[in-house]
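# Inside the fold
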Amino acid sequence: MSDPRRSESTRWDVQGLRAFAVLAVVLYHLWPNRLPGGFVGVDVFFVVSGYLITGHLLREQLRSGRIALGAFWARRAKRLLPGAFLTLAATGVAVLLVVPSTLWGQYGRELIAASVYVQNWQLASDSVDYLASDNQPSPFQHFWSLSVEEQFYIALPVLLVALAALLRRARTLSPVTTARVLLGAVVVLSLVWSIVETRTAPGVAYFSTATRAWEFALGGLASTVALPRPVTTVARSVRTGGAWLGVAGLVASLWVVTPATPFPGSAAILPVTSAALVVLLGARSGLERLGRLAPVAFVGRTSYAVYLWHWPAIVLLPLVTGHALGTRDKVAVLVGALLLAAVTTRFVEEPLRFSRRMRTLRPRRVALLGALATVVVVGIGAATLGALEVQQVQAAAYQRSLERGDVPCFGAAARIGSAEPCADPRLADVRVPAPAAAGTDDANLPACWSNTTADFNVCSFGPRTGARAHLAAIGDSHNNALISAYRAIAERNHWRIDVAGHVGCYLTTAQQQAPSVAYTEACEGWKRAAIAWIGDHPDLDALVVTHAATKSPVIVPEGSTNEQTVVDGLVGAWRTAVDAGVPVIAIRDNPVTGAGTLDCLARMSGPTTDACDTPRSVATAPYDGTEDAVRAVGDRARAIDLTDSYCTATTCPAVVGGVVVHRDPTHVTGTFARTLAPYLGADLERALASLAR
């Protein structure tokens, strides 16, 4: 396979660096336990891109006195878009063919985000969105790093042109000095911000352009250093030693940095500075001989296409085979990615990039072709979302007709855990909401919800005045997942029910595990606000509490156990309410289900079977401490257990009375919660009556 780029000016050490970077990423994705820090290969790519692009721009600026932005972006488009759009289009079609409709919404949005190179911000947004925290990796997720690169390609030349224009009158700084000032400032500011944000918002920090900019800038700084050709043995030894020191740092980072390491932050300094050493000192060293080796040169040349193709295969192949990737599958993915990369590079990327016709295309024509290709790929994503919307509209219409009609066994009314369950043959093949729509079947309201802040937001259902009873339901997302039930109970019983929830945070004096310091501070502040609010409402007839047993676990002090810490934390928080004259009614956490339950249901046709169900012993295994804490508080607390509405004696079905129970592994759908209202309402009435005695 001839290489049209092969010339004496090729930096073979950089080609070797590309090969190292892509193999590190691919092997990490396939065998993460064997190469725990392989994801730093992305950071190596950032340094290489910064080095090459900055050097190119400065040479143009020194040669002609200006940077032709249109021509530069046209060259970038010809280099990057053909392979990227081919991968996106092929993967988008594969999604429609082999992926369960439950994933079409997430995958369609990410396909569109990848097409316009904002995938990193889509993932950053999802990282702080609790409702998206259970998203599965999509086959387009790897475009986050390409999005960061594309944003760099847009920002750097614009900043260089703008800064040159500002300093043109002064004529005191050369383009190289100007670039050094700009890039040096970016290195300092971005690195500091990366360290701060990795500590406070690690999910955003990982994908943010602002936290990664310094990696490109450091590579760019290396391109501004013109080292003389070493002529003495000492000079050659220093250059070679420095380059191999960079290699040693890169290899070490594959094991020193792990998925448990807060990243990027200060941990990124090792791989980034090591890569910068290689690009700065690797020319005319032994690394060039290594980079010239045929296998290394091949992987370096096709590295972009290898990166494009390997990840969709990793995500989609298990959906085709129905099982997790085994060793043979992983080897097949590796070989297949290399073969696809070779074909894409040889027959798509390089012909379009190096052909005489493409070289003579004006930037405007390139922009037009790029826009048309973007429209086509975005259209595939839109088609995915459109097909999902049709399913959701049809399922919603059917669901409304069921709720209006006489279907006595609908949802929790099936009473599957009772001695006399209710079965309606008309519901045998009913599954509402549609599995593809179940993930968004959430009745939670912004007015009732605090997301990553300490704000205590409260919404009310039922009459403001003259209510027969006044209750407050306070907890985490499992509390607010019952909002449709609380609303129905308030309206039916003429009660007032105030609801307040916080992402991953509930009433406990124990400290909960959290992804960041800021998250912990927000949770603790919300708890204090909740206790103060309860103290300001002594008219409450009861405080209703529930919490997830599987999310945000407590931190266990030395000498204690998880169970004891859970109970002590609940008791400590509840007693503040009891001491204020407000009794507590605690609802045991709902059973959980498997991560693939909705996908399983999406594949099901005809009557509902038990193929997607979860054994009761598994679904109810998480310890939430409700009963033990109620006993510890004493006669001013009551417990409610709705497990029999979800489960039989042995099984917790995925569908109960024609209703899909869970919208994700731990949260119930708003539809099922609404069918719980008569039974939860009756339990609350009994608890209030017993507390009044």
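Scope of this entry: the structure provided in the associated data block. (Residues numbered from 1 in each chain as written. Predicted model: local features only at pLDDT ≥ 70, side-chain atom pairs only at ≥ 80, totals over all residues. Heavy atoms only, no water.)

## Concerning the overall build of the protein chain
- Tallying secondary structure elements over the protein chain gives 27 helices and 11 strands in all.
- Within the protein chain, the fraction of its 693 residues that count as buried is 53%.
- Within the protein chain, residue pairs in contact and separated by at least 24 positions form 80% of the contacts whose partners lie at least 6 positions apart.
- Surface accessibility of the protein chain: about 29900 Å² in total, with carbon and sulfur atoms responsible for 60%.
- In the protein chain, 60 side chains carry a positive charge and 51 a negative one; their mean positions are 18 Å apart. (Helix = DSSP H or I, 4+ residues; strand = E, 2+ residues; numbered from the N terminus. Buried < 20%, exposed > 50% of the residue type's maximum accessible area, 1.4 Å probe, protein only. Contact = heavy atoms within 4.5 Å. Areas by Shrake-Rupley, 256 points an atom, 1.4 Å probe, with all protein chains shown as cover. Lys, Arg positive; Asp, Glu negative; His and termini not counted. Charge placed at Lys NZ, Arg CZ, Asp CG, Glu CD.)

## Focus: the side chain of Arg588
- Considering the arrangement of structural elements, one finds Arg588 in the loop between strand 6 (584-587) and helix 23 (597-603).
- Taking the relative accessible area as the measure of exposure, Arg588 reaches 17% and is therefore buried.
- Beyond its immediate chain neighbours, meaning those up to four positions away, Arg588 contacts Thr546, Thr620, Pro622, Asp624, Thr626, Glu627, Ile640, Asp641 and Thr643.

## Side note on the nonpolar core
- Counting 96 residues, the largest nonpolar core has Leu88, Val99, Phe143, Leu156 and Val279 as the members making the most contacts within it.
- Element by element, the count of residues in this core is highest for helix 14 (residues 303-321), at 11 residues.
- Once residues within four sequence positions are removed from consideration, Leu156 is found in contact with Ile53, Thr54, Leu57, Leu182 and Leu183.
- If you look at the next biggest cluster of nonpolar residues, it comprises 49 residues, including Cys652, Val661, Ala673 and Leu684. (Core = buried A, V, L, I, M, F, W, Y, C linked by side-chain atoms within 4.5 Å.)

## Examining the packing of helix 10 (residues 233-256) against helix 11 (residues 269-281)
- Where helix 10 meets helix 11, the axes come as close as 8 Å, and the angle between the chain directions of the two elements is 150°. If you check the angle between helix 10 and helix 11, you find them roughly antiparallel. In this structure, the crossing between helix 10 and helix 11 has a hand that is left-handed. The residues of helix 11 that touch helix 10, namely those facing Arg239, Gly242, Ala243, Leu245, Gly246, Val247, Gly249, Leu250, Ser253 and Val256, are Leu270, Pro271, Ser274, Ala275, Leu277, Val278 and Leu281. (Axes fitted to C-alpha atoms, helices over the stretch in contact; angles between N-to-C directions. Parallel < 35°, antiparallel > 145°, perpendicular 65-115°, else oblique. Left-handed = near helix turned anticlockwise from the far one by under 90°.)

## Observations regarding the environment of Tyr117
- You can see Tyr117 is positioned in the loop between helix 4 (104-115) and helix 5 (119-127).
- Tyr117 gets classed as buried once you look at its relative accessible area, which sits at 9%.
- Linking Tyr117 and Ala305, residues 188 residues apart in sequence, is a C-alpha distance of 17 Å.
- In this view, Tyr117 contacts Leu80, Leu81, Ala84, Phe143, Leu146, Ser147, Glu150, Gln151 and Tyr304; residues no more than four positions away in its chain are not counted.

## Notes on the state of the cysteines
- Counting across every chain of the model gives five disulfides.
- Across the disulfide from Cys409 sits Cys422; the S-S distance is 1.6 Å. Here Cys409 and Cys422 share a disulfide; its torsion about the S-S bond, -50°, makes the bridge left-handed. Placement of the pair is Cys409 in the loop between helix 17 (363-404) and helix 18 (435-438) and Cys422 in the loop between helix 17 and helix 18, with a sequence separation of 13 residues. Across the pair, exposure class does not vary: Cys409 and Cys422 are buried alike.
- What links to what in the protein chain: the bonded cysteines, counted in sequence order, pair as 1-2, 3-4, 5-6, 7-8, 9-10. (Disulfide = S-S within 2.5 Å.)

## Structural notes on a nonpolar patch on the surface
- Residues Val93, Leu97, Val98 and Val320 make up a contiguous nonpolar surface patch of roughly 360 Å² in combined accessible area.
- Looking at which element gives the most residues to the nonpolar patch, the answer is helix 3 (residues 69-98), with three residues.
- Tracing the sequence through the fold places Val98 in helix 3.
- By relative accessible area, Val98 is classed as partly exposed at 31%. (Patch = residues over 30% accessible without salt bridge, like charges linked within 9 Å, V, L, I, M, F, W, Y side chains within 5 Å. Salt bridge = Lys/Arg side-chain N within 4 Å of Asp/Glu carboxyl O.)

## A short note on the side chain of Gln61
- Mapped onto the elements of the fold, Gln61 is located in helix 2 (residues 41-64).
- Overall, the relative accessible area of 10% leaves Gln61 in the buried class.
- Excluding its chain neighbours within four sequence positions, the residues that come into contact with Gln61 are Arg66, Ile67, Leu160, Ala164 and Pro175.

## Observations regarding the packing of helix 2 against helix 11
- Taken N-terminus to C-terminus, the directions of helix 2 and helix 11 make an angle of 40°; their axes are 9 Å apart at the nearest point. Taken together, the axes of helix 2 and helix 11 lie oblique to each other. Handedness of the helix 2/helix 11 crossing: right-handed. Taken together, the residues of helix 11 that come into contact with helix 2 (itself represented by Asp43, Val44, Val47, Val48 and Tyr51) are Val272, Ala275, Ala276 and Val279.
- For the contact of helix 2 with helix 11, the per-class residue count stands at eight nonpolar, no polar and one charged. (Nonpolar A, V, L, I, M, F, W, Y, C, P; charged D, E, K, R; others polar.)

## Notes on the pattern of salt bridges
- Here the structure, examined in full by the defined rule, presents 15 salt bridges.
- One salt bridge connects Glu627 with Arg588, and the closest N-O pair in it is separated by 3.7 Å. With Glu627 in helix 25 (residues 626-633) and Arg588 in the loop between strand 6 and helix 23, the pair connects residues that are 39 residues apart, well separated along the chain.
- The salt bridge partner of Asp644 is Arg616, with a shortest N-O separation of 3.0 Å. A residue pair is termed long-range when its members are at least 10 positions apart, and Asp644 in helix 26 (residues 643-646) and Arg616 in helix 24 (residues 616-619) qualify at 28 residues.
- The class for Asp644 is partly exposed, based on a relative accessible area of 40%.

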